[in-house]
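# Chain and residue survey
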Amino acid sequence: ADRSMPSDDDDDVPEQPAGNRRLLASEEDARRRKRARPRAVSVWKLCGINAFFLAYGAWISSFAIVTLPYESTRFFPDADAVALGGFMFIAGASQMSGPWAGYVSDRTRSAYGRRRPVLVKGAVVTAPSLVMLLVARTYYGSLGGWAPTLYYVAFTATMLALNVMYTAASGIVPDMIPDDQTGQSNGVLAAMSAAGACMGFVYTMVYPDVGSLYWFYLALLATCVPITCYCATEESSLGGVASSDDVESSAREGSTSATVDSAFSWRELASMYTISPFVPEQKSFFWLFVCRTLYYTGISAQVFLLYLLRDTAVKEDGSGLEGHEPQQTVARLSFIGQVGGMIAAYPAGLLSDVFGRKPLIVIACAGIISVYIMFMYIHRLTSIMYIGVYYGALNGMFLSVDYALAIDCLPSRENAARWLAVWGVASFIGTSIGPTVFALILHFSPQRADGRAYGSSQEGYDVMLVVGAVWMALCASFLCLVDSKKPRAREL
């Protein structure tokens, strides 16, 4: 039986061979999906669909703030800042796979839909990569010089796979959720990501041994990905809703794996990475892209927060941090910052509707600059925790309003996914450039006077924070070139 959805347009279409039905043209598939009205989804199902983002929030936050700084010192005690900068460059560069993954996912043909096959394939790569990371850091003494190389290779594979999974999971919401639930679904997604980040930091506070975090990552992978795949009952991209008959029929035809649509075009894929300030419809979006890149370049100084606290923070008794205290302290501070961001994000969105987007972004940038100045002169842990709440609220304000401004400046709403993928690349460029520059600053700065093989002096951190503040000031300055009030552009 023909599995495609019945419509008036199908009357004159001849019966397609079984193999061809798996390779429907993307235009016909898009029209079919547009005709199908998604049903309302319960809150519990929304949580299940977005379960992957709970794991993703825990992975990314604790990886950047706790795991990688610790492992960099473990593998390269004489050049830990440079090693960490290398890790962050890999993390940023790997995010360039996002538009490619989205393009391939959009054209995936499978009885299980377009997103779940890509999500599962990403998980199949992520699991052994995490095991390789654990092996490299556990047996680094036995592996000798091969341990850092193995860790870098496994980390690269992990980040590429996680980014592919993230892109596929992000596509589930517009595919399955009705328009009138989009805001609610995005709220659930943001809450799940923040909850995952908080969960990762709480785990680190309770279990400060970094080695146990890898088992935590594997447990999240084994739990959250199946929940998302179970709750995301996608339509079959062969035509119709995925069912046991679709799967059995695909098996009889010799193809249970997903295939990519024959309409795949390398030229079209390459166009998804381009944006021009000389095209009138794209001008404001381009300058917003520049502002976002500058913001994330400046904010990436937080990657070195563990080193900053380890080398400069002072406890109430006047002593520094020792043993596992740096990891626990940065986890506590990051948790406080996440809470501050969650509290500030929603009110900031409401205020931006009243006062406009750009004033709040300027306030956020100015606030981050003030935080960097405070870190130069305030070293007592109690005061630093209060700064953490303030810092988190400012970052939450930016993230909330920045997304709204991006929607206002979209060159085309019909191609919103394409443009938001390009917009997302800005953060990845920033988190590649920033840590690389900061790592070089700390590596060549004066060393601590206590004779330790690792660590930097206060002067080195001051230079890093000043450079971060300059990037924040540039971000606020370039906002004058963004015009969110322009008329809606025509389809490109």
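Residues numbered from 1 in each chain as written. Predicted model: local features only at pLDDT ≥ 70, side-chain atom pairs only at ≥ 80, totals over all residues. Heavy atoms only, no water.

This paragraph deals with the overall build of the protein chain. Looking only at helices and strands, one finds 21 helices and 4 strands in the protein chain. Counting the 492 residues in the protein chain, one finds 53% classified as buried. Considering only contacts within the protein chain whose residues lie at least 6 apart along the sequence, 83% involve residues at least 24 apart. Counting only carbon and sulfur atoms, one obtains 65% of the accessible surface of the protein chain, whose full area is about 21,800 Å². (Helix = DSSP H or I, 4+ residues; strand = E, 2+ residues; numbered from the N terminus. Buried < 20%, exposed > 50% of the residue type's maximum accessible area, 1.4 Å probe, protein only. Contact = heavy atoms within 4.5 Å. Areas by Shrake-Rupley, 256 points an atom, 1.4 Å probe, with all protein chains shown as cover.)

This part is about the nonpolar core. Burial of nonpolar side chains together is a common tendency in soluble globular proteins. The biggest cluster of nonpolar side chains holds 127 residues, and the ones touching the most others in it are Phe52, Trp59, Tyr151, Phe155, Tyr295, Phe304 and Met464. In terms of residues, this core owes the most to one element, helix H4 (residues 51–75), which gives 14 residues. Here phenylalanine 304 is in contact with Ala81, Leu84, Pro435, Phe438, Ala439, Leu442 and Met464, once residues within four sequence places are set aside. (Core = buried A, V, L, I, M, F, W, Y, C linked by side-chain atoms within 4.5 Å.)

So, on to the packing of H4 against helix H7 (residues 116–138). Running from amino to carboxyl end, H4 crosses H7 at an angle of 25°, the nearest separation of the two axes being 14 Å. The angle between H4 and H7 falls in the class roughly parallel. In terms of crossing hand, the pair formed by H4 and H7 is left-handed. Of H7, the residues touching H4 (which contributes Phe52, Phe63, Tyr70, Glu71, Arg74 and Phe75) are Leu119, Leu130, Leu133, Ala136 and Arg137. Looking at side-chain class alone, the contact of H4 with H7 contains 8 nonpolar, no polar and 3 charged residues. (Axes fitted to C-alpha atoms, helices over the stretch in contact; angles between N-to-C directions. Parallel < 35°, antiparallel > 145°, perpendicular 65-115°, else oblique. Left-handed = near helix turned anticlockwise from the far one by under 90°. Nonpolar A, V, L, I, M, F, W, Y, C, P; charged D, E, K, R; others polar.)

With that settled, the discussion passes to a nonpolar patch on the surface. A surface patch of nonpolar side chains, about 310 Å² in accessible area, is lined by Val82, Leu440 and Phe444. Residue position: valine 82 is located in helix H5 (residues 80–94). Taking the relative accessible area as the measure of exposure, valine 82 reaches 34% and is therefore partly exposed. (Patch = residues over 30% accessible without salt bridge, like charges linked within 9 Å, V, L, I, M, F, W, Y side chains within 5 Å. Salt bridge = Lys/Arg side-chain N within 4 Å of Asp/Glu carboxyl O.)

This brings us to the confidence of the model for the protein chain. Of all residues in the protein chain, 77% attain a pLDDT of 70 or more, and the chain-wide mean is 78. pLDDT under 50 marks residues 1–11. Its contacts with residues more than four places away, or in other chains, come to 17 contacts. (pLDDT = per-residue confidence, 0-100.)

A few words on helix H15 (residues 283–299). In this model, H15 (17 residues) spans 25 Å end to end at C-alpha, consistent with the 24 Å of a helix rising 1.5 Å per residue. Extensive coverage of H15 is indicated by the burial of 16 of its 17 residues. (Expected span 1.5 Å × (residues − 1).)

What follows covers the packing of aromatic side chains. Applying the stated criterion to the full structure yields 25 aromatic pairs. With a centroid separation of 5.9 Å and 65° between ring planes, the pair formed by phenylalanine 63 and phenylalanine 155 is classed as edge-to-face. Separated by 92 residues along the polypeptide, phenylalanine 63 in helix H4 and phenylalanine 155 in helix H9 (residues 146–170) bring together distant segments of the chain. Exposure class is identical for phenylalanine 63 and phenylalanine 155. Each is buried. (Phe/Tyr/Trp six-rings, centres within 6.5 Å; stacked < 30°, edge-to-face > 60°.)

Quick look at the packing of H7 against helix H12 (residues 211–231) now. It is at 10 Å that the axes of H7 and H12 come closest, and there the two elements cross at 170°. In terms of their interaxial angle, H7 and H12 are classed as roughly antiparallel. Here Arg116, Leu119, Val120, Ala123, Thr126, Ala127, Leu130, Val131, Leu133, Leu134 and Arg137 of H7 lie close against H12, whose contacting residues are Gly211, Tyr214, Trp215, Tyr217, Leu218, Leu221, Val225, Thr228 and Cys229. For the contact of H7 with H12, the residue count by class is 15 nonpolar, 3 polar and 2 charged.

Another point: the pattern of salt bridges. Evaluated as defined, the whole model comprises 5 salt bridges. For arginine 310, the salt bridge identified is with aspartate 80, shortest N-O distance 3.5 Å. Residue arginine 310 is located in helix H16 (residues 305–312), and its partner aspartate 80 is located in helix H5; the two are separated by 230 residues in the primary sequence. Between glutamate 316 and arginine 380 there is a salt bridge whose closest N-O contact spans 3.8 Å. Taken together, the positions of glutamate 316 in the loop between H16 and helix H17 (325–355) and arginine 380 in the loop between helix H18 (357–377) and helix H19 (381–408) put the pair 64 residues apart, joining distant regions of the chain. For glutamate 316, a relative accessible area of 52% puts it in the exposed group. One salt-bridge network, held together by shared partners, links Asp80, Arg310 and Asp311.

Assignment of secondary structure puts threonine 167 in helix H9. Its relative accessible area of 18% is what places threonine 167 among the buried residues. A polar contact of 3.0 Å, which involves the side chain of threonine 167, links it to the backbone oxygen of asparagine 163. The residues touching threonine 167, leaving out its near neighbours within four places in the chain, are Gly98, Ala101 and Gly102. (Polar contact = N/O pair within 3.5 Å; in protein donor to acceptor, adjacent residues only side chain to side chain.)

With respect to the helices and strands, threonine 126 occurs in helix H7. The residues touching threonine 126, leaving out its near neighbours within four places in the chain, are Thr158, Ala161, Leu162, Met165 and Leu221.

Moving on to the environment of alanine 147. Its place among the elements puts alanine 147 in helix H9. Of the residues examined, alanine 147 reaches a relative accessible area of 1% and is grouped as buried. The spacing of alanine 147 and valine 135 is 12 residues in sequence and 8.5 Å in space, taken between C-alpha atoms. Leaving out residues up to four positions away in the same chain, alanine 147 has contacts with Phe75, Ala136 and Tyr140.

Position of isoleucine 177 among the secondary structure elements: in the loop between helix H10 (172–176) and helix H11 (182–206). When the C-alpha atoms of isoleucine 177 and valine 41 are compared, they prove to be 6.9 Å apart, with 136 residues separating the residues in sequence.

To continue, consider the environment of isoleucine 60. Structurally, the position occupied by isoleucine 60 is in helix H4. Under the relative-accessibility criterion, isoleucine 60 is labelled partly exposed at 28%. For the pair isoleucine 60 and alanine 197, spaced 137 residues apart in sequence, the C-alpha separation works out to 7.8 Å.

This paragraph deals with H18. A rise of 1.5 Å per residue sets the reference length of H18, with its 21 residues, at 30 Å; its end C-alpha atoms lie 32 Å apart and thus fit the reference within 8%. Taken together, the buried positions of H18 are Arg357, Leu360, Ile361, Ala364, Cys365, Gly367, Ile368, Val371, Tyr372, Phe375 and Met376.

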